[in-house]
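This is what each chain is made of:
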Amino acid sequence: MATDGLEPGGGYGTGVPTGLWLHHDAGLAHDVPGHPERPQRIVALEAEMERHGWFGWERALSPQATREQLTRIHPERHLDLVEGLAARGGGAIDMDTAVVPGTWEAALHAAGGAVALTDALLTGAAPVGVSAHRPPGHHAERARAMGFCFFNNAAVAAAHARESHGLERVLIVDWDVHHGNGTNDIFHGDPSVLFVSIHQSPLYPGTGPASDVGSGPGEGRTVNLPVPGGSGDETFAGLVEHVAAALIRAWAPELVLISAGFDAHFDDPLATCRVTEAGYATMTGSLRRACAEVGAPLGLVLEGGYSLRALAGWMGALMPVLGDPSPPPATDAPPDHPLAAAARERLARWWPALSAA
């Protein structure tokens, strides 16, 4: 199999790989001294992948996102701000989010990796895949960089799936411990994107109450599932299986993307949830199983996660489940959880099928 580069014809190799890992070293140049969102995150991930022989996956260098792809989500003035700051040597956007000279190119590849992942999944070039880039994206609003994020990578990918591939139903599951406020707001009134977020509350950025269900034609397409600090595998896995996966079965999306933060891990320094490596594997299994039932490809777009040990740990646990051609059997499904039952009751107005989940 080819590694670290697209084939001359634009494909990812001569056969269909077990999975596709998209990456680019440009992300290492976005290096803000002392910042928790640091280049070592990718180094730790890829060292673990190397240790496991990349799980038999194919690797490819991600392209830069084009301005056309980015402006489906972000206005030109937002792109100009990030590009201009980087060209001038950098500067702070807010107390958490700073630009350095390497930020512009890193952010272009992070968004471009999510787009390339979408292309690979929807053309059948890969059955599953990971866009392993930084900076992350789910806090980025249409015209505002924040929370370590500059472009909303998953949103850019979802918009690309609609505009370039003609999809009508894209589902994004965001299990980062922080609410994906940017993705939430970008698709708030959009019936073609179903956004499901499991996040600790209260916690930065202070958004994502259960009462926020979208607006206008998008009402019922925003599903916020806040959990208290200290929540672990039982809570997160129960919500993924009995709400997120149930929504996949009810709506039959044509593409499922995971906004995959790993900061709900018990070892993460920026939150207080208690998810383990086994919990992430179980959550992945639930989504693989539901996607297989409706024929939806599944891709993972990296978001947060600031413990290097935890990042390496989830890699070893999650990747065999994500890449297994056969999803886990239904007997492996985690038990229901009171928060999941309450969410299904709350959502029954828009999703009556969930009352039987």
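Attention in this report is confined to the structure presented alongside it.

This next bit is on the packing of aromatic side chains. The geometry of an aromatic ring pair is captured by the separation of the ring centres together with the interplanar angle, meaning the angle of the planes. For the structure shown, the criterion picks out eight aromatic pairs. With centroids separated by 5.9 Å and ring planes inclined at 80 degrees, the aromatic side chains of W104 and F151 adopt a geometry described as edge-to-face. Residue W104 is located in helix α4 (residues 103-123), and its partner F151 is located in the loop between β5 (128-131) and α5 (153-165); the two are separated by 47 residues in the primary sequence. Each member of the pair, W104 as well as F151, is classed as buried. Members of the aromatic cluster, each reached through a chain of ring pairs, are W175, F262, Y280 and W314.

Turning next to the sheet that holds strand β7 (residues 193-200). Read from one edge of the open sheet, eight strands run β2-β1-β5-β10-β9-β6-β7-β8, paired in parallel fashion. Both edges of this open sheet fall to β2 (58-61) and β8 (222-227), since each of them pairs with a single strand only. Direction aside, neighbouring strands of the sheet carry axes that sit 15 degrees apart on average. Where α4 meets the sheet, its contacts fall on β1 (20-23), β5, β9 (255-260) and β10 (298-302), and the angle it forms with β5 comes to roughly 175 degrees.

With that out of the way, let us pick up the nonpolar core. Counting 58 residues, the largest nonpolar core has W175 and F262 as the members making the most contacts within it. If we skip the residues at most four places from it in the chain, F262 touches W175, D268, Y280, L300, L302, G304, G305, L311, W314 and L318. Within the second largest apolar cluster, 43 residues are counted, among which are A65, L121, A145 and I172.

Computed from the structure, the largest pocket encloses a volume of approximately 170 Å³. Along its surface, the largest pocket is lined by 14 residues, and P127, V128, R288, D324 and P325 are the ones closest to its centre. Counting residues per element, the ones that place at least two in the lining of the largest pocket are α8 (277-294) and α9 (308-323). Among the elements that make up the lining of the largest pocket, the one with the highest residue count is α8 (three residues).

In this section: the environment of N181. Tracing the backbone through its elements, the reader meets N181 in helix α6 (residues 181-186). C-alpha of N181 to C-alpha of A111: the two residues are 70 residues apart in sequence and 17 Å apart in space. Filtering out sequence-adjacent residues up to four positions away, N181 remains in contact with H138, H139, E141, M146, P205 and T207. Separated by 2.7 Å, the side chains of N181 and H139 make a polar contact.

What counts, and at which threshold
Residues numbered from 1 in each chain as written. Predicted model: local features only at pLDDT ≥ 70, side-chain atom pairs only at ≥ 80, totals over all residues. Heavy atoms only, no water. Phe/Tyr/Trp six-rings, centres within 6.5 Å; stacked < 30°, edge-to-face > 60°. Helix = DSSP H or I, 4+ residues; strand = E, 2+ residues; numbered from the N terminus. Buried < 20%, exposed > 50% of the residue type's maximum accessible area, 1.4 Å probe, protein only. Pairing = 2+ DSSP bridges. Axes fitted to C-alpha atoms, helices over the stretch in contact; angles between N-to-C directions. Contact = heavy atoms within 4.5 Å. Core = buried A, V, L, I, M, F, W, Y, C linked by side-chain atoms within 4.5 Å. 1 Å grid on protein atoms, 1.4 Å probe; cavity = no way out; pocket = protein on both sides within 12 Å on 5 of 7 lines; lining within 4 Å. Points joined across faces, edges and corners; volume = space filled by probe spheres on them. Polar contact = N/O pair within 3.5 Å; in protein donor to acceptor, adjacent residues only side chain to side chain.

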